[in-house]
Amino acid sequence: IPSRINFIDPTVKSLCETWDINKDGEISYYEASLVTSIGTTFKQSKIQSFDELQYFTSVKDIDANAFESCTQLETIVLPKDITAIGAYAFQNCYNMVELKIPSSVMYFGNYAFNGCDKLKKVYTYTLEPTTIIEETFAKTIYSTATLYVPKTSYNNYEYNLEYLSLFVHHLD
């Protein structure tokens, strides 16, 4: 079992060096698990993918503006236990095409995904719809994106006024 995280995106690896406790030039799974906040470390960076964020298991909130204007960001895997996605967290991540929201998320901040115009698939694993406030998602995606929800929760989303504009489909 490898002890270090193999980052796909070299820019992400470089920005994560902040959390390299033993200064060996690598981030171990243990070091990642000690991080409780990513702050705005990645804001306006040129990162393209950050699937390794899932290993930052002590991060419970995606901070406001955390990935704002990461215009090249296409994919990201959120830690499974996050509870909130802050205001403007992913605003203007123009190239993000898919998003998976863990079942633990209970809050979206204002404009969290505003400007994510290429977002086509949003998967949420929450049983009850998370409240959407002030343009959580870009208005442009409502006619083009599909929201995938747990099969047992389909009716909860389909008849929720905040989600009516999205095409809701259940996960099999």
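Here the structure is a predicted model, which is why all the values come from computation and not from measurement.

Outline the packing of aromatic side chains, listing residues and values.
One pass over the full model with this rule turns up 12 aromatic pairs. Aromatic pair Phe 50 and Phe 67: ring centres 6.3 Å apart, planes at 65 degrees, arrangement edge-to-face. One end of the pair, Phe 50, is in strand β1 (residues 49-50); the other, Phe 67, is in the loop between β2 (61-62) and β3 (75-76), with 17 residues separating them in the sequence. Accessibility classification places Phe 50 together with Phe 67 in one group, the buried group. With centroids separated by 5.4 Å and ring planes inclined at 10 degrees, the aromatic side chains of Tyr 88 and Tyr 111 adopt a geometry described as stacked. In this pair, Tyr 88 is assigned in the loop between β4 (84-85) and β5 (98-101) and Tyr 111 in the loop between β6 (107-108) and β7 (121-124), connecting sequence segments 23 residues apart.

Would you mind going over the confidence of the model for the chain in detail, with residue names and values included?
Summary statistics for the chain give a mean pLDDT of 89 and a share of 91% for residues scoring 70 or more. Averaged pLDDT values over the elements of the chain bottom out at 64 in strand β9 (residues 167-170) and peak at 98 in β2.

Would you mind going over the pattern of salt bridges in detail, with residue names and values included?
This structure, assessed with the given rule, holds five salt bridges. Here Glu 26 and Arg 4 are joined by a salt bridge, their closest N and O atoms 3.5 Å apart. You can see Glu 26 sitting in the loop between α1 (10-16) and α2 (29-34) and its partner Arg 4 sitting in the segment before α1, a full 22 residues away along the chain. A salt bridge links Glu 98 to Lys 100; its shortest N-O distance comes to 4.0 Å. The partly exposed category is assigned to Glu 98, whose relative accessible area is 29%. In the salt-bridge network here, residues are joined through shared partners; they are Arg 4, Lys 13 and Glu 26.

How would you sum up the pairing of β7? Please name residues and give values.
Two elements, β5 and β7, share four bridges in a ladder whose sense is parallel. Paired with Glu 98 across the two strands is Lys 121, which belongs to β7. The sheet contact formed by β7 and strand β8 (residues 146-149) spans three bridges and is parallel. Paired with Val 122 across the strands is Leu 147, a residue of β8.

Mind laying out the sheet that holds β2, listing which residues take part and the relevant values?
The parallel open sheet is built from three strands, whose spatial order is β2-β4-β6. Every other strand in the sheet has two partners, leaving β2 and β6 as the edge strands with one partner each. Of the strand pairs in this sheet, β2 and β4 are connected by two bridges, and their pairing is parallel. When the bridges of β4 are listed, Ile 62 appears paired with Ile 85.

Summarise the nonpolar core; cite the residues concerned and give the values.
If you look at the biggest cluster of nonpolar residues, it comprises 46 residues, and the most contacted ones within it are Phe 50, Ile 62, Phe 67, Ile 85 and Phe 90. Only α1, β5 and β8 provide two or more residues apiece to this core. Excluding residues within four positions of it along the chain, Ile 62 makes contact with Leu 53, Phe 67, Leu 78, Ile 82, Ala 84, Ile 85, Gly 86, Ala 89 and Phe 90.

Could you give an account of unusual backbone geometry, with specific residues and numbers?
A positive phi angle, near 65 degrees, is found at Asn 65, a position not held by glycine. Mapping Asn 65 onto the fold places it in the loop between β2 and β3. Positive phi is not limited to glycine here, since Tyr 88 has a value of about 60 degrees.

An account of the state of the cysteines is needed here, citing residue identities and associated values.
Here a disulfide denotes a covalent bond joining the sulfur atom of one cysteine to the sulfur atom of another. The final tally for this structure, using the stated rule, is zero disulfides. Summary of cysteine pairing: Cys 16 is not part of a disulfide, and the nearest cysteine sulfur, belonging to Cys 70, is at 12 Å. A relative accessible area of 0% places Cys 16 in the buried class. The thiol of Cys 93 is unpaired, and the distance to the nearest cysteine sulfur, on Cys 116, comes to 5.1 Å.

Rules used in this analysis
Residues numbered from 1 in each chain as written. Predicted model: local features only at pLDDT ≥ 70, side-chain atom pairs only at ≥ 80, totals over all residues. Heavy atoms only, no water. Phe/Tyr/Trp six-rings, centres within 6.5 Å; stacked < 30°, edge-to-face > 60°. Helix = DSSP H or I, 4+ residues; strand = E, 2+ residues; numbered from the N terminus. Buried < 20%, exposed > 50% of the residue type's maximum accessible area, 1.4 Å probe, protein only. pLDDT = per-residue confidence, 0-100. Salt bridge = Lys/Arg side-chain N within 4 Å of Asp/Glu carboxyl O. Pairing = 2+ DSSP bridges. Core = buried A, V, L, I, M, F, W, Y, C linked by side-chain atoms within 4.5 Å. Contact = heavy atoms within 4.5 Å. Disulfide = S-S within 2.5 Å.

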